[in-house]
Every structure is written in structure tokens, then in C-alpha cells.
Amino acid sequence: MAEISAADVKHIVVACEAGMGSSVMVAKQLAKQLKPQGITVTHAPVNQLADTPHEIVLVHRGLSARAKQAVPESVVVIFDMFLGDLNMAKMVGTLQSGGVVTDG
Amino acid sequence: MSEFIPSGGGSHTGWRASLQKLGGNLAGMVIPNIGAFIAWGLLTALFIPTGWLPNESFASMVGPMILNLLPILIGYTGGRIVHGQRGAVIGSIATVGVIVGTDIPMFLGAMIIGPLLAWILKQIDKVLDPITPPGFEMLIGNFSLGIAGMLGAMLGYLAIGPTVSAISTVLGNGVQWMVDNSLLPIASLIVEPAKILFLNNAINHGVLAPLGVVEAEETGKSILFMLETNPGPGLGILVAFWLAGPKILRGSAPGAIIIHFLGGIHEIYFPYVLMKPQVILAAILGGATGVATFMVTGVGLVATPSPGSIFAYLAVTPQGDHLGVLLGIVLSAAVSFVVAWFLLRLSKSDASDADFGEAKAKSAAMKTGGK
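Residues numbered from 1 in each chain as written. Chains lettered and ligands numbered in written order. Predicted model: local features only at pLDDT ≥ 70, side-chain atom pairs only at ≥ 80, totals over all residues.

**So, the overall build of chain A**
Counting its secondary structure elements, chain A contains three helices and six strands. Listed N to C, the secondary structure of chain A is β-β-α-β-β-α-β-α-β in terms of helices and strands. For 104 residues, the compact-globule estimate of 2.2 N^0.38 gives 13 Å, and chain A sits close to it at 12 Å. When its C-alpha atoms are laid out on the principal axes, chain A stretches across 30 × 25 × 25 Å. Per-residue burial for chain A yields a buried fraction of 52% across its 104 residues. Considering only contacts in chain A between residues 6 or more positions apart, those separated by 24 or more positions represent 60%. (Helix = DSSP H or I, 4+ residues; strand = E, 2+ residues; numbered from the N terminus. Rg over C-alpha atoms; globule rule 2.2 N^0.38 Å. Buried ≥ 20, exposed ≤ 12 C-beta atoms within 10 Å, placed from the backbone. Contact = placed C-beta atoms within 7 Å.)

**Looking at the sheet that holds strand S3 (residues 40-45) of chain A**
Residues and elements named next belong to chain A. Sheet architecture is open: four strands sit in the order S3-S2-S4-S5, paired in parallel fashion. The open sheet has two edge strands, S3 and strand S5 (75-79), and neither has a second partner. Neighbouring strand axes in the sheet, compared pairwise and without regard to direction, differ in orientation by 25° on average. Two strands pair when backbone bridges link them, and strand S2 (residues 11-16) and strand S4 (residues 56-60) are joined in this way by four bridges, in the parallel orientation. Its bridge partner lying in S4, Ala15 is registered against Val59. (Pairing = 2+ DSSP bridges. Axes fitted to C-alpha atoms, helices over the stretch in contact; angles between N-to-C directions.)

**Digging into the pairing of S2(A)**
Residues and elements named next belong to chain A. When you tally the buried positions in S2, you get five out of six residues, the bulk of the element. Here S2 runs beside S3; their pairing, made up of six bridges, is parallel. Counted as the bridge partner of Ala15 is Ala44 from S3.

**Some details on helix H14 (residues 322-348) of chain B**
All names here are of chain B. Over its 27 residues, H14 runs 38 Å from end to end, which matches the ideal 39 Å to within 8%, given 1.5 Å per residue. Taken as a whole, H14 has its buried residues at Val325, Gly328, Ile329, Ser332, Ala333, Val335, Ser336, Phe337, Val339, Ala340, Trp341 and Leu344. Buried residues belonging to H14 abut helix H8 (232-244), helix H12 (280-297) and helix H13 (310-315). (Expected span 1.5 Å × (residues − 1).)

**Looking at the packing of helix H1 (residues 15-30) of chain B against helix H7 (residues 188-219) of chain B**
Residue and element names in this part refer to chain B. Where H1 meets H7, the closest approach of the two axes is 8 Å, and the angle between their N-to-C directions is 45°. Here H7 runs oblique to H1, going by the angle between their axes. Judged by the sense of rotation from one axis to the other, the crossing of H1 with H7 is left-handed. Together, Arg16, Leu19, Gln20, Gly23, Gly24, Leu26, Ala27 and Val30 of H1 and Leu197, Phe198, Leu199, Asn201, Ala202, His205 and Gly206 of H7 make up the contact between the two elements. Here the contact of H1 with H7 is built from residues that sort into eight nonpolar, six polar and one charged. (Parallel < 35°, antiparallel > 145°, perpendicular 65-115°, else oblique. Left-handed = near helix turned anticlockwise from the far one by under 90°. Nonpolar A, V, L, I, M, F, W, Y, C, P; charged D, E, K, R; others polar.)

**Some thoughts on the environment of B:Lys221**
Residue and element names in this part refer to chain B. As for its placement among the helices and strands, Lys221 is situated in the loop between H7 and H8. Judged by the 24 C-beta atoms lying within 10 Å of it, Lys221 falls in the buried class. The residues touching Lys221, leaving out its near neighbours within four places in the chain, are Ala216, Gly300, Leu301, Val302 and Pro318.

**A word on the nonpolar core**
By size, the foremost hydrophobic cluster in this structure holds 138 residues, and its most contacted members are A:Ala15, A:Val57, A:Ala67 and B:Ile237. Sort the elements by how many residues they give to this core and helix H4 (residues 62-100) of chain B lands first, with 16 residues. Not counting residues within four places of it along the chain, the set of residues in contact with A:Ala67 comprises A:Ala15, A:Val46, A:Leu49, A:Val57, A:Val59 and A:Val76. (Core = buried A, V, L, I, M, F, W, Y, C linked by C-beta atoms within 7 Å.)

**Regarding the packing of H12(B) against H14(B)**
Axes are the key here: two packed helices are described by the angle between their axes and the distance separating the axes. Residues and elements named next belong to chain B. Across the interface, H12 lies against H14 with an axial gap of 8 Å and an inter-helix angle of 160°. Relative to H14, the element H12 is oriented roughly antiparallel. Considering how the two elements wind past one another, H12 and H14 form a crossing that is right-handed. Counting all contacts with H12, which are made through Leu281, Ala282, Ala283, Leu285, Gly286, Gly287, Thr289, Gly290, Thr293, Phe294 and Thr297, the residues of H14 involved are Gly324, Leu327, Gly328, Ile329, Leu331, Ser332, Ala333, Val335, Ser336, Val339, Ala340 and Leu343. Here the contact of H12 with H14 is composed, by residue class, of 13 nonpolar, 10 polar and no charged.

**Section: unusual backbone geometry**
Generally, phi is negative for residues other than glycine and the peptide bonds are trans, each holding for most cases. Residue and element names in this part refer to chain B. That bond from Ser306 to Pro307 is cis: its omega, 0°, falls within 30 degrees of zero. With respect to the element layout, Pro307 can be found in the loop between H12 and H13. Of note, the phi angle at Ser182 is positive, near 55°, even though the residue is not glycine. Within the element layout of this structure, Ser182 appears in the loop between helix H6 (137-180) and H7. With 11 C-beta atoms packed within 10 Å, Ser182 lands in the exposed category.

**Here we look at the interface of chain B and chain A**
Counting residues at the interface gives 33 residues for chain B, matched by 26 residues for chain A. Sorting the residues of the side of chain B that touches chain A by element identifies H1, H7, helix H10 (253-262), helix H11 (270-275) and helix H15 (353-369) of chain B as the ones contributing at least two each. Among the elements that line the side of chain B that touches chain A, the one with the most residues is H1(B), at seven residues.

**Structural notes on the environment of B:Ser144**
Residues and elements named next belong to chain B. Tracing the backbone through its elements, the reader meets Ser144 in helix H6. Classification of Ser144 as partly exposed rests on a count of 19 C-beta atoms within 10 Å. Separated by 23 residues in sequence, Ser144 and Leu121 place their C-alpha atoms 8.1 Å apart. Each residue touching Ser144, except ones within four places of it in the same chain, is listed here: Ile124 and Leu128.

What follows is the structure in C-alpha cells.
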């Protein structure tokens, strides 16, 4: 179970199949929310996660197995909904107020 | 790395992940090049003899783009994924061999030979790198690529081109047989559930679009571009969730409708279906309705609409086909809406929020595992 302290998070990468569609959309939303924390949010294809600098990977549940396979050491946060996802909101809350982000 | 099986965290490497990975690799060779497809699609729609502004000079670019440029870009990208810039270069060289060995657009051939030759070059580099004397890196690097590339192009010309050409003919005849016997709507039975499992790009860019391009090159348009990309079923489902879905999902539905139908990001409706899996029936029936309408009205698209937005659809619809295309989208949305609305009302009578949580957990387990 990978985990990371909120203070150590500088880069989040959102992954989707092609790294050009849904991941870009989610990354844009998150970038706005996490700008005050100085966290950069990028996007990538799930196959190229290993080549993208990150402390946290954010991915839809349908692709989570492949994300964990690509970067087994990284914290992989999973979401179900592209809009208004509770788990994503929880992660943002942790990053804003401090704490530890874990897999799941 | 691909053999690594995570020990903790409950993630499995199931058949679905493998299938997604294969499809993801196919789609990964195509999707970065969609801009070139759009340029070609617009040139075709505008300037061919049956287009909006027939122009012989501009139309002369259509053939070279579809036969040469697009497969080479796919071979280039496929090679780059495997072995960086060197892989990209050798993938392009080898793709030329596949192209000139046949007379149809060689998308599938490029998807095979690009990564294959890049992988072979990667193995060659592994052997040569440690034994290359200092100062000879450039000489050996350039000639190993050049010689392997030449042999790869010859292999493509002699073996891969003719083989893939034969396979494409068989698959194309199979599709034609389905069209002739009015069986094409049955494809929705496979396509719609596969989409929900995030195999959407694999199916469209990996299978349907390469076949559609062959047909479009001969007849000017293809219905195969429309099997997976029709935004109608997703629209109907999202509207049904907006009006009759579980309360927790209703708020986000209008935003999702805009992103799906106008923006063309179909992924956004998959989670809704995964949380109420019975709604897949609405997607299948809506999809089949759309395909049947497209088939009966005899419409097609000149290129694959990517992303599957209504705007992309209209841009690649050939002159005279707009009515049939729009009718198919509207009917598929209507059928999906009615079926999804009915299913959601049916499940609502016995579903409390607690049941919803359970359903969510269940579908979550189903999705992650998938072995």
C-alpha cells in the first residue's frame, strides 16, 4: 500500500487510455483547485505513466489495474465519476488541509 | 514490467486489463495523429467531385494522404512508443514497404510492422551498444538503423502487406455480408458493452476505423465509422439519469450531457452505466437503432469522427447524408432514453440510498477485478 504526505506532493498525473480526452478534462479541473498548493496537474496515457513525473496517479477505476501495473510503487487514487466524484474530492481536501494520501 | 503482478492493494491483472492494454496500444498509435485524419477528412468532404466545393487540384492530395501519410504516421507513432525516435524512424521506413506492397490503406499493416521493427531495432541496439568503440556511435547507430530498416521494408513488402491485405479483404467481405443481410445492428450487442468497459478506443481505432478507411477509400464513405462513435445512446442514457436516476447522480448529469454530446468525451457516461448495469440494455438497443437507421438510409461518414462529438459528426458527414445521420443519432438517443428511463424507474421502487451504496460497491468490485 503506497502512501504519501500531502506536503510532499508536487505533481499529480491524471491517466486515461489515450492521455488526450477524459484525463485532460479532469486535469484541468484539478489544476484550478490545487493551484494555491503549488501542485502541477498533468495528463498522460496509462501506458506511459512511468515516463511522467508524479507523486500521485489519478485514474478511473476501469483503468486502475493497468495504472498499478505501470507504476506499482506510486500512490494510485481511483475515481468513479468524471464529475463530482467523492474520492477525488477527498484527495483534494487532504492535499489542501494536509494529511496522508493513500491508494484507493 | 508487464509481467509484474502487484502483490497488494487488491488490483488484479485480469483479461480485461490485458485486452485494454492491447487495444490501448493500437489506439495509442492512432489517436495522437487524429489531427492529420481530420485534415484528410475535410479535404475529402470539400474537394472530391461529389463534395461541397469540387476542385481537382486540391482533391489530388486526398489519395496520397490516406494511402501514404496516414499509415506512415501510424507506423512512426507505433515505433516511437516501443523505442523512441529511433523506433519511430524505423517504423516509418518499414511502413513504406507495407504500403507499396498493396493498394488499400494499410492501417493494420502499419500497426503491426511499426512496433515490430522498433522492437527488433531495440534488441539490435542492446547487442551493439556495449561493444561499440568510442567515436563509432554515430556510424554504427545510423547504419544499424539503415540496414535493419531496409530489411524491414522488404519484409513488409513481401510478407506483411499481402497478408494484412488478404485479412482486410476477408474482414471487409464479412462486414459487407452483414450489411447485405441487414445484420449490422447486431454489432451493437458487442460494441456497446465493450465501450462501457473502456474498450471504446480499442474497438473504434483498433478495429472498425482501419476497416472503414478501406471502404471509404473505395466508395467515399463508410458506416463502420459510426458503430462505436454514435453519441446518441450516451445522450439518451444521460438524460434518463438526469430525470429518473438516483438522486446522487442527477446533479452531475447536465454537465455530463454537454461534455459527452458536444465535447465528444464518451467516457463520461460509462460510470453511470457501471453503477446501474441493467442500463446497458438501453445502450445496446439505442446503438442498434442507430446502426439500423444509418443502414436503411444508406449513409456513412468520410472519416472517423474523433472525438465522438456531434460537431465532429457533422464535419465528416458527406454532402447529402446529413438527414440520415442526424435521424440515426436522434432515434438512437430516443430509444436509449426510453429504455433507460423505464429501467431506472423500475429499479427505483425498491432502491434506497443504502442499496445504491451496495450497488456501487458491487460494480466497483466487478470493474477492478474483471478476471
